[in-house]
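Analysis of the macromolecular model
So you can see what is in the structure, the chains are spelled out below.
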Amino acid sequence: RDKAISEKVNTKTNPDVEEFAKEHVVEEGHGKPALRQILRAYASYDSEVGYCQGMNFIAAMFLMFLPEEESFWMLVVVMNEKPYKLRDLFGED
């Protein structure tokens, strides 16, 4: 799971946005390391869904505007609560 998260973050997520174009942390709570941390944390938080392709773009959007911890909790909200319930889109059904 960690390898899948790292590969997606490295190659796919917003390469034109400065925070995600470089490997190092641009500011506290930004960049690829923070995005990886959020995705790993969510995969642990919701082990039934884990990490699925496409979550990186949702988490990256939050991370562009919010600190890392707030971005994680926003991901939890949009994945699990109405009216969003995006978790249903990432399930195996």
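Preceding block: the structure.
Residues numbered from 1 in each chain as written. Predicted model: local features only at pLDDT ≥ 70, side-chain atom pairs only at ≥ 80, totals over all residues. Heavy atoms only, no water.

Along the protein chain, the regular secondary structure elements total 6 helices and 0 strands. The buried share of the protein chain, taken over its 93 residues, is 38%. Taking all contacts inside the protein chain whose residues are at least 6 apart in sequence as the whole, residues at least 24 apart take part in 59%. Accessible surface, the protein chain: about 5,800 Å² in total, of which carbon and sulfur atoms supply 50%. (Helix = DSSP H or I, 4+ residues; strand = E, 2+ residues; numbered from the N terminus. Buried < 20%, exposed > 50% of the residue type's maximum accessible area, 1.4 Å probe, protein only. Contact = heavy atoms within 4.5 Å. Areas by Shrake-Rupley, 256 points an atom, 1.4 Å probe, with all protein chains shown as cover.)

In summary, soluble globular proteins display a tendency toward joint burial of nonpolar side chains. Y42, M55, L75 and F90 are the most contacted members of the largest nonpolar core, which totals 21 residues. Those elements giving two or more residues to this core turn out to be α3 (31–45), α4 (55–65) and α5 (68–80). (Core = buried A, V, L, I, M, F, W, Y, C linked by side-chain atoms within 4.5 Å.)

In the segment running from K82 into P83, the intervening peptide bond is cis, with an omega of 5°. Along the polypeptide, P83 turns up in the loop between α5 and α6 (87–90). Notably, K85 is not glycine yet its phi reads approximately 45°, a positive angle. Note on placement: K85 falls in the loop between α5 and α6.

Axis separation between α4 and α5 bottoms out at 8 Å; the angle between their running directions is 130°. With respect to their mutual orientation, α4 and α5 come out oblique. Handedness of the α4/α5 crossing: right-handed. Residue-level inspection shows M55, I58, A59, F62 and L63 of α4 in contact with α5, the latter providing E68, S71, M74, L75, V78 and M79. (Axes fitted to C-alpha atoms, helices over the stretch in contact; angles between N-to-C directions. Parallel < 35°, antiparallel > 145°, perpendicular 65-115°, else oblique. Left-handed = near helix turned anticlockwise from the far one by under 90°.)

Close approach of charged atoms allows side chains of opposite charge to pair. Applying the stated criterion to the full structure yields 2 salt bridges. Note that D46 and R87 form a salt bridge whose closest N and O atoms lie 2.5 Å from each other. Residue D46 is found in the loop between α3 and α4, and its partner R87 is found in helix α6; the two are separated by 41 residues along the sequence. Judged by its relative accessible area of 8%, D46 falls in the buried class. The partner of R87 in a salt bridge is E48, with the nearest N and O atoms 3.5 Å apart. (Salt bridge = Lys/Arg side-chain N within 4 Å of Asp/Glu carboxyl O.)

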